[in-house]
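# Understanding the architecture of this molecule
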Amino acid sequence: MRGRLGTLTALYVTQYLGIGFITVGLTAILRDGGTSLDTLALLQVVGLIWPVKFLWAPILDRYGSQRRGHYRSWLLVLQSALVLALLALLPFSRPADALGPVIAICAAYVFFSATQDIAVDAVAVRMLGEADRGTGNGIQVAASYLGNLLGGGACVLVYDRFGWASAVGLLAALTAVGLLVVWRFSEPARTDRVDHVGTAYRALLSVFGQPGCRWWTFGVVPLVYVGAGMAYALVTPALVDAGWSLGRIGVVTGVVTSAPAIVAGLVAGVGIGRFGRGRMLVAGGVTLAVSTAMLLPLLNGRAPLGGTIAALCFFMVAYTIANVVLYTVNMDYSRPGTGGTDFTVLSSFGLVCSFVAASVGLAAADRIGYPPVAIAAIVLVAAGVALGLAHQRRFPRTPRAAPAPATEPVPESATEPATEPDTERPSADSVRAAV
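For every chain, the first residue of the written sequence is number 1, and numbering continues from 1 onward in sequence order. Residue-level local features of this predicted model are given only where pLDDT is at least 70; pairs of side-chain atoms are given and counted only at 80 or more, and the full residue set underlies all totals for whole chains, interfaces and linings. Hydrogens and water are ignored here; the side-chain numbers use all heavy atoms of the structure.

We count a stretch as a helix when DSSP gives it H or I for four or more residues in a row; a strand needs E for two or more, and each element gets its number in order from the N terminus. Its place among the elements puts Glu 187 in the loop between helix 7 (164-184) and helix 8 (197-206). Buried charge without a salt bridge: Glu 187, with Arg 126 as the nearest opposite-charge side chain at an N-O distance of 5.1 Å. In terms of polar contacts, Glu 187 uses its side chain to reach the backbone amide nitrogen of Tyr 71, at 2.9 Å. Polar side-chain contacts of Glu 187 include one of 2.8 Å to the backbone nitrogen of Arg 72. Contacts: residue pairs with any heavy atoms within 4.5 Å of one another. For Glu 187, the residues in contact, after removing those within four places along its chain, are Gly 69, His 70, Tyr 71 and Arg 72. For each residue, the accessible area found with a 1.4 Å probe, counting protein chains only, is set against the maximum for its type, and the residue is called buried under 20%, exposed over 50%, and partly exposed in between. Only four residue types enter the charge count, namely Lys and Arg as positive and Asp and Glu as negative; His and the chain termini do not. By convention in these notes, a salt bridge is any Lys or Arg side-chain nitrogen within 4 Å of a carboxyl oxygen on Asp or Glu. The definition of a polar contact used here is a pair of N or O atoms within 3.5 Å, where within protein one atom must be able to donate a hydrogen and the other to accept one, and adjacent residues in sequence count solely through side-chain atom pairs.

This part is about the packing of aromatic side chains. Pairing of aromatic rings covers Phe, Tyr and Trp, the last through its six-membered ring, and needs centres within 6.5 Å; plane angles under 30 degrees mean stacked, over 60 mean edge-to-face, and all others mean tilted. On inspection of all chains with the given rule, the structure shows 11 aromatic pairs. Aromatic pair Tyr 16 and Trp 50: ring centres 5.9 Å apart, planes at 25°, arrangement stacked. Within this pair, whereas Tyr 16 is found in helix 1 (residues 2-32), its partner Trp 50 is found in the loop between helix 2 (37-45) and helix 3 (57-62), the two being separated by 34 residues in sequence. Each of the two residues, Tyr 16 as well as Trp 50, counts as buried. Centre to centre, the rings of Phe 21 and Trp 164 are 6.1 Å apart; their planes meet at 55°, and the pair counts as tilted. Here Phe 21 is found in helix 1, whereas its partner Trp 164 is found in helix 7, with 143 residues between them in sequence.

For the rest of this paragraph, the subject is helix 16 (residues 339-368). Since there are 3.6 residues in each turn of an α-helix, residues three or four apart along the chain are aligned in direction. With 30 residues, helix 16 ought to run about 44 Å at 1.5 Å a step, and its terminal C-alpha atoms sit 43 Å apart, in line with that. One or two positions beyond helix 16, positive phi appears at Gly 369, with a value near 95°. Multiplying one less than the number of residues by 1.5 Å gives the expected span of a helix.

A pocket, in this scheme, is an open set of points on a 1 Å grid over the protein atoms alone with protein on both sides within 12 Å along at least 5 of 7 lines, while a cavity is a set where a 1.4 Å probe fits but cannot get out; residues line either one if an atom lies within 4 Å of a point. Grid points are joined across faces, edges and corners, and a volume is the space filled by probe spheres set on the points. Tallied over the entire structure, the rule returns two cavities of 30 Å³ or more. The space that makes up the second largest cavity amounts to roughly 30 Å³. When residues of the lining of the second largest cavity are traced back to their parent elements, those giving at least two are helix 9 (213-233), helix 13 (277-294) and helix 17 (370-394). Class assignment for the residues of the lining of the second largest cavity results in seven nonpolar, two polar and no charged. In the scheme used here, Gly and all other residues not listed as nonpolar or charged are polar, with Ala, Val, Leu, Ile, Met, Phe, Trp, Tyr, Cys and Pro taken as nonpolar and Asp, Glu, Lys and Arg as charged.

The next thing to look at is the nonpolar core. For our purposes a nonpolar core is just a set of buried Ala, Val, Leu, Ile, Met, Phe, Trp, Tyr and Cys residues, chained together by side-chain atoms within 4.5 Å. Residues Leu 8, Leu 26, Trp 216 and Leu 288 are the most contacted members of the largest nonpolar core, which totals 114 residues. Tallying contributions element by element places helix 5 (residues 99-127) first for this core, with 15 residues. The residues touching Leu 8, leaving out its near neighbours within four places in the chain, are Val 120, Val 123, Ala 124, Met 127 and Leu 128.

Throughout the structure, instances matching the rule amount to five salt bridges. The partner of Asp 117 in a salt bridge is Lys 53, with the nearest N and O atoms 2.3 Å apart. Of this pair, Asp 117 sits in helix 5 while Lys 53 sits in the loop between helix 2 and helix 3; the two residues are 64 residues apart in sequence, bridging distant segments of the chain. Of the two residues, Asp 117 and Lys 53, both sit in the buried class.

The pLDDT score gives, residue by residue, the confidence of the prediction method on a 0 to 100 scale. Across the protein chain, the average pLDDT comes to 84, with 90% of residues at 70 or higher. Predicted confidence for residues 401-435 stays below pLDDT 50, and this span has 48 contacts to residues more than four positions away or in other chains.

Let us look at the side chain of Asp 117. For Asp 117, a relative accessible area of 2% corresponds to the buried category. A polar contact is formed between the side chain of Asp 117 and the side chain of Lys 53, at a distance of 2.3 Å. Beyond its immediate chain neighbours, meaning those up to four positions away, Asp 117 contacts Tyr 12, Gln 15, Trp 50, Lys 53 and Gln 140.

In structure tokens form, the structure reads like this:
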């Protein structure tokens, strides 16, 4: 299990390296080169690829090499594509003078990264048992912050000291570590692949037919994500209004707050295994409410450096704990045969809620001010936690349903055996439970 978690850690970290660089580091570099805010907003739009990745997730669940490993065959291609996309940025030492090609390459990178995430999530669904899913998702969330910290922080420092080529080269080298990990990864043989791509696409809706899934996805997830997202959307404009420089805001929100969030992700993963999903959701919700209240001085225009950093760090710790719980229950509902599709569509809904929350929070703050929006955020999070706790009491066991039996895959070469040990085929009782 340590080896499996190590593999997932490397893949999740390298997936977020370039994302952190694009959203934080490259944005700062372009702004320093005189790029307008309107153009920088266009760069951020490429991030919208992530919420719609469920549209092609079923393709990864249906097609894959049995000889090289179903999802490993995808990861070999996608991890290589991530490295090549970063290397493609090397010629543009003055990115502000070549915005078209740079943004196109960044869009390609985000597409490859989002698709790689589908494959890694599918591997995690298949490899992690119920007791290990909290740890696995804690690693996933912590890895996202670590990737952002390295890509958006360390690589910017390298750029400032040694230049563009060194920064991009470091990103590519770190991402190549993930390629070595995939190369050494031995994926368990898969015998439950869906027999038709249409079956895989039907999983986009059938995942919600599991007991309690709609309750969780359309009740708990929106309340928690919208509440937390509304509160966090207020932070940057409130810091600007309080007189903070853009440089200080970038360092504090992109680097300083990432360190405690990384630790919180790992601790939350272990806590889920020990205390359960419901208790950790309560812990995350309570700390979210308290930390949002701690932001009220900032939202009223008072932003002393020490107190504001402490409040922001505490907020990111709380949000991370809640996020790990939400991801873990999403994985509970992800079926092994369509794990990439199930986990992607459930997580994508949370991303959409976050995007909506930012817009709603800022629009509301423009009309009624920051503090009332923060109080509304606390109420929404509290309602989400209460609903989530009731959900976990109603559905205390892992609600993951087994996939319907699939036809046996045709061997890809004459050297492969025509049949494989049927160790993962669901029992008749589990299939009836799934239906």
